[in-house]
Amino acid sequence: MLERTRARRQAMQILYQREITGDTVGQILAEKSYSEEDGIPSEYCRELALGTERFQSEIDTQIESTSEHWALSRMPTVDRNILRLAIYEIEYQEAIPDSVAINEAVEMAKVYGGPDSSKFVNGVLGRIAELHGGVPNEPAEDTEE
């Protein structure tokens, strides 16, 4: 698995853990209560998880205004955190192409989400990328930056 792909998956798992336990990302990292299945979180994983947490309010506002007929609280926890992470990359990580952030999120949704998660994640992120001035609503090829 590519290093940034691994970092994204670990960050999503930490964000999920944060939402379930109520601990902050900082607490989870400091206490090392995260899963070590993929090893110790890399610097990029830490940056993604902490950045997503820092800008969660703005990110959640974008999700709610973009996802038609879906309240944030009704979304599956996994989907919600995959969206948060990808939007953080789209909005705050200029070096990451929108298409890469979307593709990585769609792939995570296929693995961790429900049967329709990847379509839902792709649709929401495609609209956000369009508003951001990025790619239209279609995932990129399986490439890594």
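Residues numbered from 1 in each chain as written. Predicted model: local features only at pLDDT ≥ 70, side-chain atom pairs only at ≥ 80, totals over all residues. Heavy atoms only, no water.

Focus: the side chain of Ser118
Thinking step 1. Here Ser118 is to be found in helix α7 (residues 117-132).
Thinking step 2. Discounting residues that sit within four places of it in the chain, Ser118 has contacts with Val106, Ala109 and Lys110. (Helix = DSSP H or I, 4+ residues; strand = E, 2+ residues; numbered from the N terminus. Contact = heavy atoms within 4.5 Å.)

Focus on the packing of aromatic side chains
Thinking step 1. Per the counting criterion, the structure on display carries four aromatic pairs.
Thinking step 2. Note on Phe55 and Tyr92: the rings are 4.1 Å apart at their centroids and 15 degrees apart in plane angle, and the pair reads as stacked. Note that Phe55 is positioned in the loop between α3 (43-54) and α4 (56-66) and Tyr92 in helix α5 (residues 77-92), a separation of 37 residues in sequence.
Thinking step 3. In this structure Tyr92 comes out as partly exposed when scored by relative accessible area, which is 32%.
Thinking step 4. Every member of this aromatic cluster is reached through a ring pair, and the members are Phe55, Tyr88 and Tyr92. (Phe/Tyr/Trp six-rings, centres within 6.5 Å; stacked < 30°, edge-to-face > 60°. Buried < 20%, exposed > 50% of the residue type's maximum accessible area, 1.4 Å probe, protein only.)

Purely spatial values, then, with no claim about function.
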